[in-house]
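This is what each chain is made of:
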Amino acid sequence: MAGYLARRGLQAVGVLLGVSVLVFAIIHLVPGDPVRLALGTRFDQETYEALRQRAGLDQPLVLQYFDWIGRALTGDLGVSFRSGRTVMSMIVERLPATLSLAAAAIVVALLIALPLGTLSAVRQGSKLDYAATTFSQAGISIPDFWMGILLILFFSLQLDLLPPSGYVSVLESPWGWFTHLLMPAVTVGVVSGSILTRFVRSSVLESLGEDFTRTARSKGLRERRVIRRHVLRNALVPVVTVTGLQLAYLLSGVVVVEAVFAWPGLGRLALDAVLARDYPVLQGAVLLFALFFLLVNLTVDVLYAFLDPRIRY
Amino acid sequence: MRQGSKLAWLLALVLFAAACSGGGEGVEGEGLEDGGGGGTEAGAAGTEASGGTGGGTLVAAISSQPDQLDPHKTTAYASFQVLENVYDTLVVPNTDLEFEPSLATEWATSDDNLTWTFTLRDDVTFHDGSTFDSADVAYSFNRIISQELANAFRFASVKEIRTPDPQTVEIELTEPTPNLLANIGGFKGMAIIPEGIAGPVSGGDGGGGSEAASPSPGGSGADINLANEAVGTGPFALESVAADGITLSAFQDYWGEGPNVDGVEFRFISEPTTALTELQTGNVHWTDNIPPQRITELANNDEVTLETIPSVDYWYWATNFNREPFGNPKVREALSYAIDREAITQAAKFDAATVNQTAIPETSFWSTDYSPYSHDPERAQQLLEEAGVSNLSMGLMVTDEFPETVTAAEVIASQLGEVGINVEIQSETFATWLDRQGKGDFDAFMLGWLGNLDPFGYYHSQHLCEGSNNYQGYCNEEVDKLLQQAATQTDQDQRKQLYDEAVKLIVDDNSYMYLYNPDVAQAWKPGLSGYTIRPDKAINFEQVELPQ
């Protein structure tokens, strides 16, 4: 296992370097000039030249890349063109909000998907199955910003139960953290949960048709035990994969939901960086998202070994 | 219970993430202590005395996050919403947009109009406790000039800034500059900061200034970083900056009256429904995040007080004179007759705007009463025929950064369609939009100019043959002459006359095709007092008192 982890770690470094080159190239190839944007419509050639030089944008691209990657390797992701703050501090400031929301949304998603998907597979063709399928179809189809706004209008404006927006640190007030987190987490969780429900259902259905299930049943095991010990255990492997992907996706920010709930997450940071062509922030953010994907994938692979004893590294 | 252990592993993954969350928090604990999460308690804070002046904390929802807080570097409106309350300028526009004393108590011009002498207040303290004097003024202005910061162009005619004594500043000019007050006090981009706070600057005779190199990584140096710290003389001091809001606290040694509240918390809420729900549920006291289509409904809502007022902004569209057939005045005239300005304005802003065929709103002294065009498709077609143009296809470049340009473009396109012109709407991100505008890569574009106070700002650089913002490529020597004369004419009435003449030519030539002046719309909690909505959209909470 240790050797395997070491290999994966080395691979990850390679992938991250590749990502960094790609990101750097793509960002600089996109039309739009951060300095022109910073000056807005009020343009002045001399000011423009001075700012470009100050930001190092007059240097050749290759030099800019090596300059950036050299610093990044020492943990210095540079300084935002727009805010003049270090990219690291801007990311660290938003990390807790994004981690809270991603974790809570995955919990909501699993709470929906595991029972609903399993039940609808076990009772395939029943009313419950149809209801579950309809629910997951709706969850995938309904735009998340719309669902978020409906939640706000109902739970905040009508019932005055939950705060409409904002983020409170769990260290400051666990209860405030929870109440502010609830609506965004449900909004994101329902979407992810709907996607997961479909995977759980089809995965369980597949296991139900396997030989080992028939064997388990024919040796006289009670149905409940067949489902728990044999069907679910085998069905979980693909579900873990998809859950991991969903989590990594949520960790890279959910821009629309963040906007609706004024949630200070990483999605907004990345979007603003794209719109402002704030290269250092965007590069830092994308690198972090790549790191999230690698970490989550690694965790998922390790989880396989625990779920399925046949998998050994 | 083997199944339980599987679930436990899945949950472990989640908990791992949650644990990271807690860890990350510690890093920024300091920053959050005062700033974060106040929104939930704001309703209570509003009615309860919480120390300080006992006025509670005002919570204001603004629609975007300031890019940075250095008043001399930022160009973002969101930044100035905050900075308006933190910094002061030498002079300040009142609600009628006439200039009044602020840090300067009085000013005089020499007989040749080339020297302005400002007398400064002697009772002003910066938020860091240092005393304000003329050296701070010279430092602030020289920083903008020598480092060629975003507002350096406002000092184009400034030759030297002298400080004969601590209470006097002399500005020497290369030519008479009647709009000097607007240049140095029109907005908080010309704020006065303490001498030396942002590193040394040269005295205006070139030399770059050493701070120019400091925004490189890690190089914040010993000075404070004005990008996210602030030392001003305004009614509020910057307390904390977070990803979801900025908190200001009342400055006890403020030279003016007020403030009456303990502090102001700006929250960044981009979704209008959310901001308005926060206002209606009492978590927020004030917001300007109001979509035009909701103005009528909110005006009839007892839970909020809504006010609107014509702004100094204007929106226009223009064609590329260097691309045929737009160099032909008849074609441009045809475009101007083909559009229905009322319908465009209605579509873009509902009732929250006033149609105008010039730039300056009619509420201003500088407004020019001139509206030669009507919606006349037949006239337009006739003009196109005379120009020998048929089956014209053109692009109209707009940006989703300002959604009203996209809406307006759709109406313009359909109206031009009625006279046989095929319009392709090109919606770009603002970065790409500016890039294409700068390169002259467009047939036509639509945009607005915001926050101008003096006619120089409205017309000069946009319509001068060599104007730095003349992207459309307009050139009329008579207009050039009039604009140049107006720029240095110190007699108000004569100056207005020069601008009136220039504007009529600009409108006749369709250098810009002016569309409308939008309204400012802001809403607050009923009972909130001491706040005045302003045409220049400056958000000043100095006198605000929360509802009891």
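Residues numbered from 1 in each chain as written. Chains lettered and ligands numbered in written order. Predicted model: local features only at pLDDT ≥ 70, side-chain atom pairs only at ≥ 80, totals over all residues.

1. What to know about the overall build of chain B
- Check the secondary structure of chain B and you find 16 helices and 18 strands.
- Each of the 548 residues in chain B was classed as buried or not, and the buried ones make up 51%.
- Across chain B, contacts joining residues at least 24 apart in sequence account for 69% of those joining residues at least 6 apart. (Helix = DSSP H or I, 4+ residues; strand = E, 2+ residues; numbered from the N terminus. Buried ≥ 20, exposed ≤ 12 C-beta atoms within 10 Å, placed from the backbone. Contact = placed C-beta atoms within 7 Å.)

2. Thoughts on the overall build of chain A
- Each helix and strand counted, chain A has 13 helices and zero strands in total.
- Its helices and strands taken in sequence order, chain A reads α-α-α-α-α-α-α-α-α-α-α-α-α from the N to the C terminus.
- Of the contacts formed within chain A by residues at least 6 apart in sequence, a portion of 71% connects residues at least 24 apart.

3. Some thoughts on the pairing of strand 13 (residues 314–319) of chain B
Residue and element names in this part refer to chain B.
- Most of strand 13 sits out of view: six of its six residues are buried.
- Residue alternation in strand 13 divides its side chains into two sets, Tyr314, Tyr316 and Ala318 and Trp315, Trp317 and Thr319, and both sets are buried.
- Where strand 13 meets strand 18 (residues 513–524), three bridges bridge the pair, whose relative direction is antiparallel. Note that in strand 18 the partner of Trp315 across the bridge is Tyr516. (Pairing = 2+ DSSP bridges.)

4. Topic: the sheet that holds strand 4 (residues 104–109) of chain B
All names here are of chain B.
- Reading across the sheet, the four strands line up as 4-5-7-6 and stay open at both edges, with antiparallel pairing between neighbours. The open sheet is flanked by strand 4 and strand 6 (158–165), the only strands paired with a single partner. Ignoring which end each strand starts from, the neighbouring axes of this sheet average 20 degrees apart.
- Two strands pair when backbone bridges link them, and strand 4 and strand 5 (residues 115–120) are joined in this way by five bridges, in the antiparallel orientation. For Glu106, the partnering residue across the bridge sits in strand 5 and is Thr119.
- Set on the sheet, helix 5 (residues 134–146) makes contact with strand 5, strand 6 and strand 7 (168–173); between it and strand 6 the angle comes to about 165 degrees. (Axes fitted to C-alpha atoms, helices over the stretch in contact; angles between N-to-C directions.)

5. Brief notes about the packing of helix 14 (residues 455–463) of chain B against helix 16 (residues 492–509) of chain B
Residue and element names in this part refer to chain B.
- The N-to-C vectors of helix 14 and helix 16 enclose an angle of 45 degrees; their axes lie 12 Å apart at closest approach. Our classification of the angle between helix 14 and helix 16 gives oblique. By crossing handedness, the relation of helix 14 to helix 16 is classed as left-handed. Packed against helix 14, whose contacting residues are Pro455, Tyr459 and His463, the element helix 16 presents Tyr499, Ala502, Val503 and Ile506 at the interface.
- When grouped by side-chain class, the residues that make up the contact of helix 14 with helix 16 number six nonpolar, one polar and no charged. (Parallel < 35°, antiparallel > 145°, perpendicular 65-115°, else oblique. Left-handed = near helix turned anticlockwise from the far one by under 90°. Nonpolar A, V, L, I, M, F, W, Y, C, P; charged D, E, K, R; others polar.)

6. Observations concerning the packing of helix 9 (residues 329–338) of chain B against helix 11 (residues 377–387) of chain B
Residues and elements named next belong to chain B.
- Where helix 9 meets helix 11, the axes come as close as 8 Å, and the angle between the chain directions of the two elements is 165 degrees. Comparing the axis directions of helix 9 and helix 11 gives the class roughly antiparallel. Helix 9 and helix 11 meet at a crossing whose hand is left-handed. Of the residues in helix 11, those touching helix 9 at Lys330, Val331, Glu333, Ala334, Tyr337 and Ala338 are Pro377, Arg379, Ala380, Leu383, Leu384, Glu386 and Ala387.
- Grouping the amino acids of the contact of helix 9 with helix 11 by side-chain chemistry returns nine nonpolar, no polar and four charged.

7. So, the confidence of the model for chain B
Residue and element names in this part refer to chain B.
- Averaged over every residue, the pLDDT of chain B is 86; residues scoring 70 or more account for 86%.
- Segment residues 1–51: pLDDT under 50, and 91 contacts once partners within four positions in sequence are set aside and those in other chains are kept.
- Here the prediction assigns the complex a pTM of 0.85, and the interface score ipTM is 0.86. (pLDDT = per-residue confidence, 0-100.)

8. Things to note about the environment of Ser136 of chain A
- Along the chain, Ser136 of chain A falls in helix 6 (residues 127–141).
- Residues in contact with Ser136 of chain A, not counting those within four places in the same chain, are Ser194, Thr197 and Arg198 of chain A.

9. What about the environment of Ile171 of chain B?
All names here are of chain B.
- Considering the arrangement of structural elements, one finds Ile171 in strand 7.
- Of the residues examined, Ile171 has 26 C-beta atoms within 10 Å and is grouped as buried.
- Separated by 53 residues in sequence, Ile171 and Phe118 have C-alpha atoms that sit 8.2 Å apart.
- Among all residues touching Ile171, those that are not within four sequence positions of it are Trp116, Val158 and Ile161.

10. What about unusual backbone geometry?
- Across the junction of Glu324 of chain B and Pro325 of chain B, the peptide omega takes the value 5 degrees, indicating a cis bond.
- Note that Pro325 of chain B resides in the loop between strand 13 and helix 9.
- Within the chain, Asp160 of chain A stands out as a residue other than glycine whose phi angle is a positive 55 degrees.
- Located in the positive-phi region is Lys537 of chain B, a residue other than glycine, with phi close to 65 degrees.

11. Regarding the nonpolar core
- Counting residues in hydrophobic clusters, the biggest one holds 230 residues, and the most contacted among them are Ala105 and Ala285 of chain A together with Ala502 of chain B.
- Per element, the largest residue contribution to this core is 20 residues, and it comes from helix 5 (residues 87–122) of chain A. (Core = buried A, V, L, I, M, F, W, Y, C linked by C-beta atoms within 7 Å.)

12. Some words on helix 5 of chain A
All names here are of chain A.
- The end-to-end C-alpha separation of helix 5 is 50 Å, in line with the 52 Å expected for 36 residues at 1.5 Å each.
- Its maximal kink placed at Leu95, helix 5 deviates by approximately 35 degrees, while the proline Pro96 follows within four residues.
- Burial runs high along helix 5: 28 of the 36 residues are buried. (Expected span 1.5 Å × (residues − 1). Bend = angle between axes of the 7 residues up to and from the residue.)

13. A closer look at the environment of Val91 of chain B
Residues and elements named next belong to chain B.
- With respect to the helices and strands, Val91 occurs in strand 2 (residues 91–93).
- Residue classification places Val91 among the buried positions, given that 24 C-beta atoms sit within 10 Å.
- Expressed as a C-alpha distance, the spacing of Val91 and Leu181, which sit 90 residues apart in the sequence, is 6.9 Å.
- Filtering out sequence-adjacent residues up to four positions away, Val91 remains in contact with Phe99, Glu100, Pro101, Ser102, Ala104, Leu181, Ile184 and Gly185.

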